[in-house]
Amino acid sequence: MLFSELINDSVKRSRLSSATMMLAIYRGRKMKRLAILGASGHGKVVAEAALAAGWDTVDFYDDAWPAKRRIGKWVISGDTT
């Protein structure tokens, strides 16, 4: 399943929009990565909590990208499509 399909499926099942902070979790071989859709204040709080809980990497995706490239100390990696 493609990452975008995972996000779309998660949105449909939860009945939340991506702007409501849908989280998509995927794991690498040795690293736990968290993708956060929607780079806003809530996203920063989720990212801090994830890092405190042991996640290795947090990636942000926002539809305002590429005009919006950062949220605090994090880089926005792309849009949600």
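The residue numbers shown here count from 1 along each chain, following its written sequence. In view of the model being predicted, local features appear only for residues whose pLDDT reaches at least 70, and side-chain atom pairs are presented and counted only at 80 or more, with totals across whole chains, interfaces and linings using the full set of residues. Derived side-chain values reflect all non-hydrogen atoms in the structure, with water molecules and hydrogen atoms excluded from consideration.

A. Summary view of the overall build of the chain. For the purposes of this entry, the term helix denotes a DSSP run of H or I that reaches at least four residues, the term strand denotes a run of E that reaches at least two, and both are numbered from the N terminus. Looking only at helices and strands, the chain has two helices and five strands in total. Traced from its N-terminal end to its C-terminal end, the chain shows the element sequence α-β-β-α-β-β-β. In this description, contact between two residues means that some pair of their heavy atoms is separated by no more than 4.5 Å. Partitioning the contacts of the chain with sequence separation of at least 6, the portion at a separation of at least 24 is 30%. Entry remark: accessible area of the chain is about 5300 Å², with carbon and sulfur atoms responsible for 54%. In short, Shrake-Rupley with a 1.4 Å probe defines the accessible areas, and a residue's cover is counted only from the protein chains shown.

B. View of the nonpolar core. Among the buried residues, those of types Ala, Val, Leu, Ile, Met, Phe, Trp, Tyr and Cys that are joined through side-chain atoms within 4.5 Å form a nonpolar core. Accessible area is worked out with a 1.4 Å probe on protein chains only. A residue is then buried under 20% of its type maximum, exposed over 50%, and partly exposed in between. Membership of the largest hydrophobic core is limited to eleven residues, which are L34, I36, A39, A47, A50, W55, V58, F60, I71, W74 and I76. Those elements giving two or more residues to this core turn out to be β2 (32-37), α2 (41-52), β3 (57-61) and β5 (74-78). In this structure, A47 is in contact with I36, V58, F60 and W74, ignoring residues within four places of it in sequence.

C. A look at α2. An ideal rise of 1.5 Å per residue puts 16 Å on twelve residues; α2 measures up with 17 Å between its terminal C-alpha atoms. G54 sits one or two positions beyond α2 and adopts a positive phi of about 110°. Expected helix span is taken as 1.5 Å per residue step, with the number of steps being one fewer than the number of residues.

D. Local environment of the packing of aromatic side chains. Centres within 6.5 Å make a pair out of two Phe, Tyr or Trp rings, where for Trp the six-membered ring is used; the pair is then stacked when the planes are under 30 degrees apart, edge-to-face when over 60, and tilted otherwise. Scanning the entire structure with this criterion turns up one aromatic pair. Arranged with centres 5.7 Å apart and planes meeting at 50°, the rings of F60 and W74 form a pair that is tilted. Highlighted residues: F60 in strand β3 and W74 in strand β5, separated in sequence by 14 residues. Given the relative accessible area of 11%, W74 is considered buried.

E. A look at unusual backbone geometry. Between W65 and P66 the backbone carries a cis peptide bond, its omega angle lying at 15°. Within the secondary structure layout, P66 lies in the loop between β3 and β4 (70-71).

F. Just the environment of R70, in detail. Mapped onto the elements, R70 comes out in strand β4. Note on R70: relative accessible area 47%, which makes it partly exposed. Residues R70 and A39 lie 31 residues apart in sequence; the distance between their C-alpha atoms is 8.3 Å. Setting aside residues no more than four positions away along its own chain, R70 makes contact with V75 and I76. Residues adjacent in sequence count toward polar contacts only when both atoms are side-chain atoms; beyond that, a polar contact is any pair of N or O atoms within 3.5 Å, and within protein one must be able to donate a hydrogen and the other to accept it. Of note is the side chain of R70, whose polar atom sits 3.0 Å from the backbone oxygen of K73.

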